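Observations on the three-dimensional arrangement
Each chain is listed here by its residues.
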Amino acid sequence: MLASKVKQGLRRVAKVLLVLLLAIVAWQAWQYVEDATYRGARAPYLQMQSADGITIRWQSEASVVGVVRYGKSPQMLETRIKESGRNKVHEIRLIDLEPDTRYWYAVGSADEIAYGGGEEHWFMTAPVSGAKRPVRIWVQGDAGRALPTTLAGKEAMLEWVEEHPRPGLPALDLWFTTGDNAYSYGRNSEFQKHLFEPYSDLLRTVPYWPAHGNHDSRRWAFYNIFTLPEKGEAGGVPSGDEHFFSFDYGQVHFVFLDSHATDRSPDGEMLNWLKQDLAVTNQPWLIAVFHHAPYSKGSHDSDDPGDGDGRMIEMRENVLPVLESAGVDLVLSGHSHVYERSWLAACHYGPSASLKPSMFVDKGMGIETPYRKPSGLTPYSGAIYNVVGSSAYADNGPLDHPLMAVSKSELGSLLLDIEGDTLEGRFITPKGEVLDHYRIVKQGEPGQSRSCE
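Keep in mind it's a predicted model, so treat the numbers as computed, not measured.

Let us now look at the packing of aromatic side chains. This structure, assessed with the given rule, holds 27 aromatic pairs. Both rings, one in Phe 245 and one in Phe 256, keep their centres 5.2 Å apart while their planes meet at 10°; by these two values the pair is stacked. Placement of the pair is Phe 245 in strand 10 (residues 245-249) and Phe 256 in strand 11 (residues 252-256), with a sequence separation of 11 residues. A single burial state applies to Phe 245 and to Phe 256, both of which are buried. Over the aromatic face of Trp 343 sits the side chain of Lys 363, whose NZ or CZ is 4.3 Å from the ring centroid. Over the ring of Trp 285 we find Lys 442, and its NZ or CZ is 4.4 Å from the ring centre.

Here it is in structure tokens:
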């Protein structure tokens, strides 16, 4: 009798625990869905720029049929593209545009304009692939909290750009991030507070290309908010997955990888695609972007297998050999909240203690004696590894990785200029100081293929 009552009691406890467990799971699932949405209005932002198209996204408080009006003059927005149904989240792809051309636009509904219609809302299409056209890129890293210092960094960059204009070209062509775009949980509301509101002036004119960081992955908002070229819409081999993709801008081939939520194994889908993509590009410059730094001794340690569950090690061991075999020039990453910049290096895929002198391709300091490479993409000809992770926070660390020429616990962002045979990088602080300035110069004929053996 007693045993029977004990069993009944245990069954009741088990049922209660099951109900509690299901409630917790349901609450967490609801929280993820809820955090992936934002119900207010959102100003327009530019996505997936190509030579003949661009995607414009925005959000309205009421459900309407979205309309984009555009043209080559702010006074003559003669062309209209509208959605097929009523929405609050709007996404319209403009196609059949002319390359490297400025268009003005407005968004709203058939009855009214919500944003734009004047001088301040415009976009540029990309130049055709291979065009010898300068490109200027702003790179933020781990910038997911719009602190006063973070926004001061934006203003300092804009002031430098204003003092160094490019005649006939916009102030900025592209805007990259190295991940962690919205702290602390990647909620849609956090993107609104820390990105869309404080940066609305840039987002309406400069295409935004974000890397996926570990904080972005804590909710489902990131891939709901951004439209990325999984079908090769902007050049490169179609990846079939927004987590990793490539695109061309003039003479530069860009590759964005997901170092957090995607399989990083040598035979995984991402690396198999990467090998295919790099095998067919014929651009003279190659830049890769992802979140987890393969080399760092800042707030994260790339030698520690327990740091980030070994993602930094996996990116170094599995991804870098593929990039370097294709002749990559620059690898941008974040995660570690510091600024670090390597010498020109190749063939180092182990812990920092395994670095050998032969792995330094060029130890010139980058300005008085710029790093030199053969023209085009030569396998294992050396790359700069640039950790840009201190746009919002500058954390401490030993800052003693032997691959690095420069290591700083300083707030700032990176400005890249690529023109002809020269790439220049400048790390600019919120005070407007240029704390690092390097150059890569490509000269002569393409070099013979190097080897790591």
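Resuming the write-up.
This brings us to the sheet that holds strand 17 (residues 371-374). The 7 strands lie next to each other as 9-8-7-20-21-22-17, forming an open sheet whose pairing is mixed. What marks the edges here is a single partner per strand, and that holds for strand 9 (208-209) and strand 17. The pairing of strand 21 (residues 422-428) with strand 22 (residues 434-443) spans 7 bridges and is antiparallel. What sits directly across from Thr 422, in strand 22, is Val 441.

To continue, consider the confidence of the model for the protein chain. Averaged over every residue, the pLDDT of the protein chain is 93; the share at 70 or more is 91%. A low-confidence stretch, residues 21-33 stays under pLDDT 50, and its non-local contacts, those more than four residues away or across chains, total 6 contacts.

Along the chain, the position of Asp 362 falls in strand 16 (residues 360-362). An unpaired buried charge is present at Asp 362: no salt bridge exists, and Arg 372, the closest side chain of opposite charge, is 6.2 Å distant. There is a polar contact of 3.1 Å between the side chain of Asp 362 and the backbone nitrogen of Arg 372. Dropping the residues within four chain positions of it, Asp 362 is found in contact with Trp 343, Leu 344, Pro 370, Tyr 371 and Arg 372.

Across the sheet, 7 strands lie side by side as 10-11-12-13-18-14-19; this open sheet has mixed pairing. With one partner strand each, in any of the chains shown, strand 10 and strand 19 (404-408) form the two edges of the open sheet. Across this sheet, the average inter-strand angle for adjacent strands is 15°, counted without regard to direction. Pairing between strand 14 (residues 339-342) and strand 18 (residues 384-388): 3 bridges, direction antiparallel. Its bridge partner lying in strand 18, Arg 341 is registered against Asn 386. Those strands touched by helix 6 (residues 269-280) are strand 10, strand 11 and strand 12 (285-292), and its axis lies near 180° from that of strand 11. Across the sheet, helix 7 (residues 311-325) lies against strand 12, strand 13 (330-334) and strand 18, angled at about 170° from strand 12, the strand it touches most.

Definitions and limits used
Residues numbered from 1 in each chain as written. Predicted model: local features only at pLDDT ≥ 70, side-chain atom pairs only at ≥ 80, totals over all residues. Heavy atoms only, no water. Phe/Tyr/Trp six-rings, centres within 6.5 Å; stacked < 30°, edge-to-face > 60°. Helix = DSSP H or I, 4+ residues; strand = E, 2+ residues; numbered from the N terminus. Buried < 20%, exposed > 50% of the residue type's maximum accessible area, 1.4 Å probe, protein only. Lys NZ or Arg CZ within 6 Å of the ring centre and 35° of its normal. Pairing = 2+ DSSP bridges. pLDDT = per-residue confidence, 0-100. Contact = heavy atoms within 4.5 Å. Lys, Arg positive; Asp, Glu negative; His and termini not counted. Salt bridge = Lys/Arg side-chain N within 4 Å of Asp/Glu carboxyl O. Polar contact = N/O pair within 3.5 Å; in protein donor to acceptor, adjacent residues only side chain to side chain. Axes fitted to C-alpha atoms, helices over the stretch in contact; angles between N-to-C directions.

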